[in-house]
Structures are given as C-alpha cells and as structure tokens.
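Summary of structural features
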Amino acid sequence: MSVQPQVRLGINLDHIMTIRQARFTAYPDLKQAIEMVEHVGADSITLHLREDRRHIQDEDIVLAKQVNKSNMNFEMAATGEMRDIALNIKPQDCCIVPEHREELTTEGGLDVVKHQSHIKELVAALSAGNIKVSLFIEPNLKIIDAAVKTGAPVIELHTGTYAGTQGLAQQKELQRIEVATKHAISLGLVVNAGHGLHYENVSSIANIVDMYELNIGHSIVARALFVGLGQAVKEMRSAMDCIE
C-alpha cells in the first residue's frame, strides 16, 4: 500500500515585513522570523520583492539567502530587473507571478498563453543560473500546456478562487484544481499551490494526490498575533496533515 507523501509547507514572510514597513522600523526582524519558522518545521520560505518595494526590500533578499537553512523561494515579476536580482542572489527557487502596482495582493495567475515567448526566455535565463523556476498560474489545462512549453519544471496553482468561495462553488473549484494537478503531473510538472489558504480550507488542497508544496503567508501571520509565529506554523502543519 503506497502512502501519500507529506505535502511541504512554504511560509511566505511578506506580511511580517509589511508591519515593519508601516513605520520603517528595524523590527519585526526578518532573520528571527526565518529562524523561527524553520525551527518549527517550515520546508521553505517565500519572499516577494515587489517592484514598489511595499514590504520586502532588496537587502532582505540578501539577508534571507545568507541565513536560510531550508529552501528559499523568490517570488518575482517577469521583468529584467527581477531577473537580474535573482541571478545575483541565486535562490534555490523562483516563482514568476503577475504583478500590478495597484493590487492589494497577487490577483490571478500569469497569462502564459499570451506571454509564452517572453516567459520562456526568462525561464531559460534563470535555469541557466541553476535556479528552479515555477509559474504561478490558474488551474486551467490550456495554461498548463503553455507552461510546459516554457520549460519551467514547476507550476504553482492559484487557489484564490477556491479560497474566496463556499459550498458547491468551492467544491467545483476544488475539482478544477484536482483535475489541473492530475493533468500537470501527467506532463511531468511538479505542482505547488497557494493564495488565500487558511486553517479552515487548507486540508482539501493538501489532500490532493501528488500535490508537492503549499505556500501560505497571510493567515499564518494573522494567527501569530494571538498564539505566536512558531505555534501558528505548527497549527498550519497540523491542519494540512488532517486526512479527509
């Protein structure tokens, strides 16, 4: 009897730094946050260096690479500036995401079909720097097929629609993610997922067969206000491991 491997937990630290940037203080300390989440079992950390630098700063990326002992996932827009920063820092992973200055958070996935040529060039450049590239996309079969053609070995499925619905609508979106995951796996891709996942909705996504990693940030940081960061990560790990 085969056992489904434990889905990896990636912790997005952006919103810890949002608190720091609100008053441009030296705290909360990113180094301390990284050490704490890794100590309690985070499999990777994620940092999104936005073009407007609203939370993570350039020096944060340098620091994170120096102190990180698990795996560093650098979220980035599909720009030359971010490509150059990634190639200089050399995180283990890069996740290319769509980015708009006015948005509160990442809205939807990359339009890989429309921008396939540009993304393919970006993937090639990052891969040549020994960086594993993932594409943040919608759970759409056509987009997954286009992602394969870019040469990216990993995709991260956008779970925002799933997280923003309830009842039958949520079940329908869950099924769409399940079908997309199965299709991507059949094409040889590694499948991650994330966006909007929290303690009450994460287990269904974590239970999808062959799901590799979930990247979660906002809900963990919010929970940490009441129980502390370490305990919040432990509780998320427990919620993910709940078998349905």
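No experiment lies behind these values; they were computed from the predicted model shown.

Ranked by size, the top nonpolar core spans 70 residues in total, and within it L13, L135, I137, I205 and L214 carry the most contacts. Per-element accounting of this core gives the leading share, 6 residues, to helix α11 (residues 229-240). For I205, the residues in contact, after removing those within four places along its chain, are T159, Y162, L174, I177, A193, L197, M211 and L214.

Attention now moves to helix α2 (residues 30-39). For an α-helix, the turn length of 3.6 residues means that residues three or four places apart are oriented alike. Within α2, burial applies to L30, A33, I34, V37 and E38. Down the axis, α2 shows its buried residues gathered within 120° of arc, on one side only. G41 occupies a position one or two residues after α2 and carries a positive phi of about 115°.

Moving on to the side chain of T46. Relative to the assigned elements, T46 resides in strand β2 (residues 44-48). One polar contact links T46 to N73, side chain to side chain, over a distance of 3.0 Å. With near-sequence residues (within four places) excluded, T46 lies in contact with I11, N12, L13, D14, N73, E75 and N215.

A word on the pairing of strand β3 (residues 72-76). Of all 5 residues in β3, 5 are buried, a share of seventy percent or more. A two-sided burial pattern is seen for β3, the buried positions comprising M72, F74 and M76 on one face and N73 and E75 on the other. Direction of pairing for β2 relative to β3: parallel, over a ladder of 4 bridges. Residue L47 lies in a different strand from β3, and its bridge partner there is F74. In this view, the connection linking β2 to its parallel neighbour β3 by way of helix α3 (residues 58-67) has right-handed handedness.

Along the chain, I131 turns up in the loop between α5 (116-128) and β5 (132-137). Residue I131 is classed as buried on the basis of its relative accessible area of 3%. Separated by 38 residues in sequence, I131 and D93 have C-alpha atoms that sit 5.5 Å apart. Sequence-distant contacts of I131, that is, excluding residues within four places in its chain, are made with A86, L87, K90, P91, Q92, D93, C94 and L126.

Cut-offs used in this document
- Residues numbered from 1 in each chain as written.
- Predicted model: local features only at pLDDT ≥ 70, side-chain atom pairs only at ≥ 80, totals over all residues.
- Heavy atoms only, no water.
- Core = buried A, V, L, I, M, F, W, Y, C linked by side-chain atoms within 4.5 Å.
- Buried < 20%, exposed > 50% of the residue type's maximum accessible area, 1.4 Å probe, protein only.
- Helix = DSSP H or I, 4+ residues; strand = E, 2+ residues; numbered from the N terminus.
- Contact = heavy atoms within 4.5 Å.
- Arc of directions from axis to C-beta.
- Polar contact = N/O pair within 3.5 Å; in protein donor to acceptor, adjacent residues only side chain to side chain.
- Pairing = 2+ DSSP bridges.
- Right-handed = clockwise from strand over helix to strand, strands pointing away.

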